[in-house]
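Structural description and commentary
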There are 2 protein chains.
Amino acid sequence: MKKNHYSLWKILNERGIFTVKNRLKVSKQRIKLPDGKIIDDYYQVYLPESVMVVARTKDKKFVMSKQYLHGLRQVSIVLPGGMVEKRENPLKTAKRELLEETGYSSVKWHLIGRFVPHDNQVCGKVHLFFADDVKWINNPVSKDLEKTKIILMTEKEIISAMKKGGIIAMGTITALTIAKIKLC
Amino acid sequence: MKKNHYSLWKILNERGIFTVKNRLKVSKQRIKLPDGKIIDDYYQVYLPESVMVVARTKDKKFVMSKQYLHGLRQVSIVLPGGMVEKRENPLKTAKRELLEETGYSSVKWHLIGRFVPHDNQVCGKVHLFFADDVKWINNPVSKDLEKTKIILMTEKEIISAMKKGGIIAMGTITALTIAKIKLC
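Residues numbered from 1 in each chain as written. Chains lettered and ligands numbered in written order. Predicted model: local features only at pLDDT ≥ 70, side-chain atom pairs only at ≥ 80, totals over all residues. Heavy atoms only, no water.

Topic: helix α3 (residues 170–182) of chain B
All names here are of chain B. The condition that has to hold: Numbering of helices and strands runs from the N terminus, with a helix taken as a DSSP run of H or I at least four residues long and a strand as a DSSP run of E at least two residues long. Expected helix span is taken as 1.5 Å per residue step, with the number of steps being one fewer than the number of residues. Think of it in three bands: with a 1.4 Å probe and only protein chains considered, a residue is buried below 20% of the maximum accessible area for its type, exposed above 50%, and partly exposed in between.
If you check α3, its first and last C-alpha atoms are 18 Å apart, about what 13 residues at 1.5 Å a residue would give, namely 18 Å. Of all the 13 residues making up α3, 11 are buried; the element is thus mostly covered by neighbouring parts of the structure. Listed in full, the buried residues belonging to α3 are M170, G171, T172, I173, T174, A175, L176, T177, I178, A179 and I181.

Dropping the structure here:
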């Protein structure tokens, strides 16, 4: 195994070939692999950045949201989160989305990771936050297209829901796992 | 919370607006929400289906691959897997990819889930398999663009790698979590 097997691919050129403003962009890259080989048509899909929040109350319950997910064509229990707005800092998005979507707030925030949904084609960027000792402030005021039902769940209930197929969103499963391993 | 809050959205119309054959398709949907509201421009991104394999040896080690992931612009430890080829059954893909990419084979296969990378925009479909008591057959013969290094890891080593940022791919983290909860 030569060292350069792990080298980054070199992007020789990238041009946008299809764009829907503020929604998505498809680009075509010309790539040089570590062994020198040239790939003329490697496609990337860029979607808006988003945040996801693992929010835990003082008595160790997690603030979850039950809702329809159109990408999955199914209802699932997911973590609160949403799109990063223009010129918005992801931490601000996380605080705003948690309050709007669930009515909970926290003064203890930690960034615990940044993830990309698709290993090859990108498809967005997710900033993952952990909010501890969250407190209920007021009723949710979310303007999202999806209507949500807020549920408080223990870790045991979350694991049981994953087992039974009640939590099927990749971002949510990744975020809960990383939070568990790094913090909880 | 009315019952219909969880109803599926109704796709009134969908038309492809940008396609790269066998690689990706962007479509625009006209949607009717459960409350009757119409959304005229909801975009979906379709990418090829893929498989991911949680492969475990008789002595409880997991077959992992260290490689560069262009979507992440980083090296990560990932599960073996790959694209489902035309007219290929996903289980056949899983068996083929495990053998080609790692040199391991199994007679004990279980489908443990199907996942979608993006909650709203789709971005592919991942068939997740668990292969137990895998055995080393021969050297890998993968023709993937990425060069890989095969590593056998215990569960403890996997958790430690996740903690340190050595495993950062969402699909891999989701798959390992689901396998752990459902089977291991």
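Things to note about the relation of the copies chain B and chain A
Threshold: Our superposition of the copies is a least-squares fit, built on the C-alpha atoms of residues whose pLDDT is at least 70 in both. Any two residues whose heavy atoms approach within 4.5 Å are treated as being in contact.
In the superposition of chain B on chain A (RMSD 0.0 Å, axial shift 0.0 Å), the rotation amounts to 180°. Between the two chains, the operation in question is that of a two-fold axis. Interface overlap between copies is the fraction of interface residues in one copy that are interface residues in the other; for chain B against chain A it reaches 100%, indicating a shared surface.

With respect to the interface of chain B and chain A
The condition is simple: Buried area adds together the accessible area that both of two parts lose upon being put together, with accessible area traced by a 1.4 Å probe. A pairing counts as a salt bridge when a side-chain nitrogen of Lys or Arg comes within 4 Å of a carboxyl oxygen of Asp or Glu. Contacts described as polar in this section are N or O atom pairs within 3.5 Å, which, within protein, must combine one atom able to donate a hydrogen with one able to accept it, while residues neighboring in sequence count only if both atoms come from side chains.
On the chain A side, the residues contacting the 66 residues of chain B number 66 residues. Summing the contributions of chain B and of chain A, the shared interface buries around 6100 Å²; its carbon and sulfur component is 69%. Where chain B packs against chain A, one counts two salt bridges. Put simply, chain B and chain A have 14 residue pairs in polar contact (both at pLDDT 80 or more) between them. Of all the secondary structure elements, the ones that give two or more residues to the side of chain B that touches chain A are β1 (10–20), β2 (24–32), β3 (38–46), β5 (62–69), β6 (74–78), α2 (155–164) and α3 of chain B. Top element by residues in the side of chain B that touches chain A is α3 of chain B. It accounts for eight residues.

Description of the packing of aromatic side chains
Two numbers describe a pair of aromatic rings. These are the distance of the centres and the angle of the planes. Our working definition: Here a pair means two rings of Phe, Tyr or Trp (six-membered ring of Trp) with centres within 6.5 Å. Their orientation is stacked below 30 degrees between planes, edge-to-face above 60, and tilted elsewhere.
This structure, assessed with the given rule, holds seven aromatic pairs over all chains. Arranged with centres 5.4 Å apart and planes meeting at 50°, the rings of W9 of chain A and Y68 of chain B form a pair that is tilted. Remark: Y68 of chain B occurs in strand β5 and W9 of chain A occurs in the segment before β1 (10–20); the pair is interchain, linking two chains. Each member of the pair, W9 of chain A as well as Y68 of chain B, is classed as buried. Site record: aromatic cluster; members linked through ring pairs are W9 and Y42 of chain A together with Y68 of chain B.

Notes on the pairing of β6 of chain B
Residues and elements named next belong to chain B. Keep this limit in mind: DSSP calls a pair of strands paired once it identifies at least 2 bridges connecting them.
Of the strand pairs in this sheet, β5 and β6 are connected by five bridges, and their pairing is antiparallel. From the neighbouring strand, Y68 faces β6, where its bridge partner is V75. Between β5 and the antiparallel strand that follows it, β6, lie four residues; R73 among them carries a positive phi value of about 55°.

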